[in-house]
Amino acid sequence: MDEQTHERIRECIAAVPPGSVASYGDIAALAGASTPRIVGWVLKEDGFDLPWHRILRADGTVAAHKKQEQLDRLRAEGVLANASKIDMKVYRWDPDS
């Protein structure tokens, strides 16, 4: 991945506002990345200063290894889960709005 794509991914993640979520695929599409997996890689390697908790799987599930922390952070922003799953129809970020 080139530096420009890396930075576009970081910018897109940073733009997701409190109270909203986006999927890895949403971010990849916005940033022009070839696959959602690259978004996960950026978060893992260089996402410590980003709102990582707002990025979910397309089905609204959270990261298994940080499940409780992610759900707690989202809840603090008003994003409520139903059985550890976020309703993407309700909370998905629309960058055009």
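Here the structure is shown first, and the text comes after it.
Residues numbered from 1 in each chain as written. Predicted model: local features only at pLDDT ≥ 70, side-chain atom pairs only at ≥ 80, totals over all residues. Heavy atoms only, no water.

(A) Representation of helix 3 (residues 36-46) in the model. Considered for burial, the residues of helix 3 that qualify are Ile 38, Val 39, Val 42 and Leu 43. An end-on view of helix 3 places all buried positions within 140 degrees of arc, on one side of the element. Exposed residues on helix 3 whose side chains face more than 90 degrees from its buried face are Arg 37 and Lys 44. Tucked inside the fold, the buried residues of helix 3 contact helix 1 (3-15), helix 2 (24-31) and strand 2 (55-56). (Buried < 20%, exposed > 50% of the residue type's maximum accessible area, 1.4 Å probe, protein only. Helix = DSSP H or I, 4+ residues; strand = E, 2+ residues; numbered from the N terminus. Arc of directions from axis to C-beta. Contact = heavy atoms within 4.5 Å.)

(B) Molecular detail of the layout of surface pockets. As a volume, the largest pocket reaches approximately 220 Å³. Lining the largest pocket, in full, are Tyr 24, Gly 40, Leu 43, Lys 44, Gly 47, Phe 48, Trp 52, Ile 55, Ala 63, His 65, Lys 66 and Gln 70. With three residues, helix 3 is the single largest residue contributor to the lining of the largest pocket. Looking at the lining of the largest pocket, its residues break down into six nonpolar, four polar and two charged. (1 Å grid on protein atoms, 1.4 Å probe; cavity = no way out; pocket = protein on both sides within 12 Å on 5 of 7 lines; lining within 4 Å. Points joined across faces, edges and corners; volume = space filled by probe spheres on them. Nonpolar A, V, L, I, M, F, W, Y, C, P; charged D, E, K, R; others polar.)

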